[in-house]
Amino acid sequence: MMSNIKSGHPILIKLSGELLLISPDTHSKENKSPRNRLDAVSKQIKKLSENHHLGIVIGGGNFFRGGQHGKAIGSTSKVGHTVGMMATIMNGLLLKDIFEQNEIEVSLLSSIEIPGIVEIVSQDKIEHAKQNNQVIIFVGGTGKPFFTTDTAAVLRAKEIGSKVVFKATQVDGVYSSDPKKNNSARKIDQISCEETIRLGLKIVDASALTMAEENGISIRVFAQDQEDSILRAASDPAFGSTIVP
């Protein structure tokens, strides 16, 4: 397995905060409980960590989106984005707890230090976690407002030595336009960072794409809710879409 990415190569996985979203319709057969979703992801992470150093960046959209919710409330942009970064810390704490319940060794590192709750990220702590075969959960975004978790994911990929970011999201790849708004949108199997920016495709932020291009990092985009999606991304080059530097 894992024929797409060689054994031992680090992988950075960007998970959507939607993973922890609690549906108002908890009795719907179509909606898995957050715990079921988290256990399914935990199983994949545990398997993948047998052959790869893993870093995870978790979003915070289930709690608060800096631009969207901050604007709705009427907060300043800086405060809205800061609250969004704090939301990722809450998700990281929950993710760490569930991973540990699934017997996964975890290091939780944040761009924003909260004594007694989460440690500040540093290259020394990253290397220590890798030496101890710990999955690293990165929270707090980049530590600066106005940057999304897409940019944080590419930054952390660079820090752990990964040449690929797995972006597990709500769509199954990169499309020529928003497939939720345009039924004629065409799925693109492979596209460059430069072309993605030029076409104005919003699947990954422009700042993240620029950083990925400059550092030779590919971004694999796939649907988070597909069965064994993370393992499939690691083993099947045709799964999802790939944005290449």
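Fair warning: this is a prediction, and the values are worked out from it, not measured in the lab. (Residues numbered from 1 in each chain as written. Predicted model: local features only at pLDDT ≥ 70, side-chain atom pairs only at ≥ 80, totals over all residues. Heavy atoms only, no water.)

### Quick notes on the overall build of the chain
We count it as follows: Segments assigned H or I by DSSP are reported as helices when at least four residues long, segments assigned E as strands when at least two residues long, and all are numbered from the N terminus. Just to be clear, the radius of gyration here is over C-alpha atoms, and the globule rule we use is 2.2 Å times residues to the power 0.38. Throughout, exposure labels follow a simple rule: accessible area from a 1.4 Å probe, protein chains only, divided by the maximum for the residue type, with under 20% read as buried, over 50% as exposed, and the rest as partly exposed. Pairs of residues are marked as contacts when any of their non-hydrogen atoms sit within 4.5 Å. Residue burial considers only the protein chains on display, and all accessible areas are found by Shrake-Rupley using a 1.4 Å probe. A positive count includes Lys and Arg, and a negative count includes Asp and Glu. His and the chain ends are not counted in either. By convention, charge coordinates are those of NZ in Lys, CZ in Arg, CG in Asp, or CD in Glu.
The helix and strand tally for the chain stands at 8 helices and 11 strands. For 245 residues, the compact-globule estimate of 2.2 N^0.38 gives 18 Å, and the C-alpha radius of gyration of the chain, at 17 Å, lies within 12% of that figure. For the chain, the spread of C-alpha atoms along the principal axes amounts to about 50 × 50 × 45 Å. Across the 245 residues in the chain, those meeting the buried criterion constitute 48%. Partitioning the contacts of the chain with sequence separation of at least 6, the portion at a separation of at least 24 is 71%. When the accessible surface of the chain is totalled, it reaches about 12400 Å², and 50% of it is carbon and sulfur. Considering the chain, the positive charge centre built from 28 side chains and the negative charge centre built from 27 side chains are found 3 Å apart.

### Description of the environment of Arg 220
Test applied: Polar contact is the term for a pair of N or O atoms within 3.5 Å; when the atoms are in protein, one must be able to donate a hydrogen and the other to accept it, and sequence-neighboring residues count only if both atoms are side-chain atoms.
Tracing the chain through its elements places Arg 220 in strand 10 (residues 218–223). Look at Arg 220 and you get buried, because its relative accessible area is 6%. The sequence separation of Arg 220 and Lys 163 amounts to 57 residues, and the corresponding C-alpha distance is 11 Å. A polar atom in the side chain of Arg 220 sits 3.2 Å from the backbone oxygen of Asp 236. Only 3.5 Å separates the side chain of Arg 220 from the backbone oxygen of Phe 239, close enough to count as a polar contact.

### Regarding the sheet that holds strand 1 (residues 11–15)
Formally: Criterion used throughout: strands pair if DSSP finds at least two bridges between them. The angle between two axes is taken between their N-to-C directions and runs from 0 to 180 degrees, where each axis is a line fitted to C-alpha atoms and a helix contributes only its stretch in contact.
Spatially, 4-3-5-2-1-6-10-11-9 is the arrangement adopted by the 9 strands of the open sheet, whose pairing is mixed. Pairing within the sheet leaves two strands with one partner each, and these edge strands are strand 4 (119–120) and strand 9 (190–192). With respect to the sheet, helix 5 (residues 149–160) is in contact with strand 1, strand 2 (54–58), strand 5 (135–139), strand 6 (164–169) and strand 10, its orientation differing from that of strand 1 by roughly 165°.

### Focus on the confidence of the model for the chain
Note the following rule: Per-residue confidence from the predictor is reported as pLDDT, a score between 0 and 100.
The pLDDT averaged across the chain works out to 92; a share of 95% of its residues lies at or above 70. Residue range residues 26–30 is modelled with pLDDT below 50. Its contacts to residues more than four positions away, or to other chains, number 0 contacts.

### Comments concerning helix 3 (residues 77–101)
Three or four residues apart is the spacing at which side chains of an α-helix point the same way, because the helix has 3.6 residues per turn. Short version of the rule: Take the number of residues in a helix, subtract one, and multiply by 1.5 Å to get its expected span.
Compared with an ideal rise of 1.5 Å per residue, which puts 25 residues at 36 Å, helix 3 spans 37 Å between its outermost C-alpha atoms and is within 8% of the ideal. The complete set of buried residues in helix 3 reads Gly 80, Gly 84, Met 85, Ala 87, Thr 88, Ile 89, Asn 91, Gly 92, Leu 95, Ile 98 and Phe 99. Of the residues trailing helix 3, Glu 103 is marked for its positive phi of about 60°.

### Quick notes on the packing of aromatic side chains
Applied cut-off: Paired rings are identified among Phe, Tyr and Trp, the last through its six-membered ring, by centres lying within 6.5 Å, and are further divided according to the angle between planes into stacked (under 30 degrees), edge-to-face (over 60) and tilted (the rest).
Tallied over the full model, the rule gives 2 aromatic pairs. Measuring from centroid to centroid gives 5.9 Å for Phe 166 and Phe 222, while their planes differ by 80°, and the two rings are edge-to-face. On the criterion of sequence distance, the pair formed by Phe 166 in strand 6 and Phe 222 in strand 10 is long-range, its members being 56 residues apart. Of the two residues, Phe 166 and Phe 222, both sit in the buried class. Between Phe 222 and Phe 239, the ring centres sit 5.6 Å apart and the planes meet at 40°, which makes this aromatic pair tilted. Taken together, the positions of Phe 222 in strand 10 and Phe 239 in the loop between helix 8 (229–235) and strand 11 (241–244) put the pair 17 residues apart, joining distant regions of the chain. Phe 239 gets classed as buried once you look at its relative accessible area, which sits at 6%. Put simply, the rings of Phe 166, Phe 222 and Phe 239 touch in pairs and so form one group of aromatic residues.

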